[in-house]
Amino acid sequence: MFSRPTDLQIERSFAVASEVYAAYGVDVPAALSRLAEIPISLHCWQGDDVGGFENVEAQSGGGIQATGNYPGKARTADELRQDAEKALSLIPGRHRFNLHAMYAETNGKCVDRNELAPEHFARWIDWAKALGLGMDFNPTCFAHPKADSGFTLSSADAGVRRFWIEHCIACRRIGAAIGKALGSPAVTNVWIPDGMKDIPIDRNAPRQRLVEALDAVFKEEIDPKLNLDAVESKLFGIGSECYVVGSHEFYLGYAVTRKKLLTLDAGHFHPTETIADKICSVLAYLPELLLHVSRGVRWDSDHVVILNDDLRATAEEIIRHGFEKRIHIGLDFFDASINRIAAWVTGTRAMLKAILIALLEPTHLLRAAEDAGDYTARLALLEEIKTLPSGAVWDCYCLERGVPVGTDWINAVKQYENDVLAKRG
Ligand code: RNT
Ligand code: ZN
């Protein structure tokens, strides 16, 4: 068990930290109220290694693969909800939960993906309502026999294409039902694995088919107060190293011409390319964006998000320009080699810390230096403020929000592991 400073010590540190920030012209209480208004969408799939609970033998595939076999993973939707609730209890603020279609509850019946309906998510909706969570949604266009060819919405087989179009249409309706029930629009994000392992001859035809298929998916008008559509690009995946149909250029064009949200996944670009610099470029043309905050290590490895430079840069772009109402922040990682609840909590707390640090930035001073052409002061100040006492502010925020402070949450996860996870077969 780890120990941490007392509540009194934390409050004292906070008082000092607030004075330090005030000296830089930063209003700490204002930063904290803004932080409290920013929801993070926790992805359900960290809880069971992207398995889902359909009545079929779980299949991997689609170029995404969790690695590791840490014991205690959720085996049922009830267990996943229980684990997610535990994770949420260790994270300050009010957040959202992001569900994939493969997490349907069909009461033992075999319901294929194109037949899914809101009733198959009724228990998820009730759960989210009870906890005061918003929810987001995703069609599952992988881990299914009709995705085995490596092609779904862009398949050359009209029957396969039709099946996935029907699935995505069903998912938008489910998204709308979720949005209606919870009083907050669901962002329904379409990601497909379609692509080729080796050099294709025809890069064009699948993309033409994908445009048509997406247009068919989005034909039905749905009130944006209930459901928002997003499309997610990718550069490569396992088994699609040479060609991905839904590339960045493809979906940027699609989103701009069809007025859809674009999803920027931090792992879906060249390894040295980051999403932070894409945010304001895309928002010059689109009203809203969805982020899949992830951490690629050498490739799109979906490691747990940590407080690194990339994450901080993303948060800075959101906060400096006041984009938080136009950007939906979703997480996307899956690590099966560590405690899955700890993975959720580590990643979400890191995202919130990055936002808090951005909110505590004396941006006006940095901007003034930049406007004056004083790039020396800009760089020097950027370095100095890295060591301002943001940790003291974060600890106090956790304390005030009634969630474990510092290492306390690690102890709580260990306890849960002993009490609950260890008893799972
Ligand atoms: C895959 C995409 C996609 C998935 C989830 C499970 O590369 O990032 O978002 O991770 O839909
Ligand atoms: Zn993603």
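Residues numbered from 1 in each chain as written. Chains lettered and ligands numbered in written order. Predicted model: local features only at pLDDT ≥ 70, side-chain atom pairs only at ≥ 80, totals over all residues. Heavy atoms only, no water.

Chemist: Just checking my understanding: could you explain the coordination of the zinc ion (ligand 2) for this structure?
Modeler: Each protein donor to the zinc ion (ligand 2) is listed here as Glu232 (OE), Asp265 (OD), His292 (ND1) and Asp332 (OD); together their distances run 2.1 Å. The coordination sphere of the zinc ion (ligand 2) comprises six donor atoms, whose angles at the metal cover 71 to 170 degrees; the geometry is octahedral. Ordering the donors of the zinc ion (ligand 2) by residue number gives the pattern E-x32-D-x26-H-x39-D. Of this pair, Asp265 sits in strand E8 (residues 261–265) while Asp332 sits in the loop between strand E12 (327–331) and helix H10 (340–359), and the two are 67 residues apart along the sequence. According to the relative accessible area criterion, Asp265 is buried, its value standing at 0%. Overall, Asp332 belongs to the buried group, its relative accessible area being 8%. (Donors = N, O, S within 2.8 Å, 3.2 Å for Na, K, Ca; no water. Tetrahedral: all angles 85-135°; square planar, octahedral: opposite > 155°, others 65-115°. Helix = DSSP H or I, 4+ residues; strand = E, 2+ residues; numbered from the N terminus. Buried < 20%, exposed > 50% of the residue type's maximum accessible area, 1.4 Å probe, protein only.)

Chemist: Any chance you could explain the site of ligand 1 here in plain terms?
Modeler: Surrounding ligand 1, one finds Trp45, Ile64, His100, Trp191, Glu232, Lys234, Asp265, His268, His292, Asp300, Asp332 and Phe334. Between ligand 1 and His100, the relevant distance is 2.7 Å, taken from an oxygen atom to a side-chain nitrogen or oxygen of the residue. For ligand 1, the protein covers 99% of the area, taking 310 Å² as the surface of the free molecule. (Near = heavy atom within 4 Å. Polar contact = N/O pair within 3.5 Å; in protein donor to acceptor, adjacent residues only side chain to side chain. Areas by Shrake-Rupley, 256 points an atom, 1.4 Å probe, with all protein chains shown as cover.)

Chemist: Please explain the packing of aromatic side chains as it appears in this structure.
Modeler: A ring pair, where both rings are aromatic, is described by two values, the distance of the centres and the angle of the planes. On inspection of all chains with the given rule, the structure shows 11 aromatic pairs. Both rings, one in Phe97 and one in Trp124, keep their centres 5.7 Å apart while their planes meet at 20 degrees; by these two values the pair is stacked. Taken together, the residues span a long stretch of sequence, with Phe97 in strand E2 (residues 96–100) and Trp124 in helix H4 (residues 122–131) at a distance of 27 residues. On the basis of relative accessible area, Phe97 is assigned to the buried category, the value being 0%. Classification of Trp124 by relative accessible area gives buried; the value is 0%. Three or more aromatic residues joined by ring pairs make a cluster, and in this case those are Phe97, Trp124, Trp127 and Trp344. Of note, Arg81 hangs over the ring of Trp124, and the distance from its end group to the ring centre comes to 4.7 Å. (Phe/Tyr/Trp six-rings, centres within 6.5 Å; stacked < 30°, edge-to-face > 60°. Lys NZ or Arg CZ within 6 Å of the ring centre and 35° of its normal.)

Chemist: I tried to follow unusual backbone geometry on my own but got confused; where do I start?
Modeler: Peptide bonds are trans in most cases, and residues, glycine excluded, mostly fall at negative phi. Positive phi values are uncommon outside glycine, yet Lys259 reaches one of about 55 degrees. Position of Lys259 relative to the elements: it lies in the loop between helix H7 (248–258) and E8. On the accessibility criterion, Lys259 (70% relative accessible area) is exposed. With a phi angle near 70 degrees, Arg298 is a residue other than glycine that sits in the positive phi range. Inspection of the secondary structure assignment puts Arg298 in the loop between strand E10 (295–297) and strand E11 (299–303).

Chemist: Is there a simple way to explain the side chain of Ser294 in this structure?
Modeler: Here Ser294 shows up in the loop between strand E9 (289–293) and E10. By relative accessible area, Ser294 is classed as buried at 10%. Of note is the side chain of Ser294, whose polar atom sits 3.1 Å from the side chain of Asp302. Beyond its immediate stretch of four places on either side in the chain, Ser294 contacts Asp265, Ala266, Gly267, Asp302, His303, Val305, Asp332 and Phe333. (Contact = heavy atoms within 4.5 Å.)

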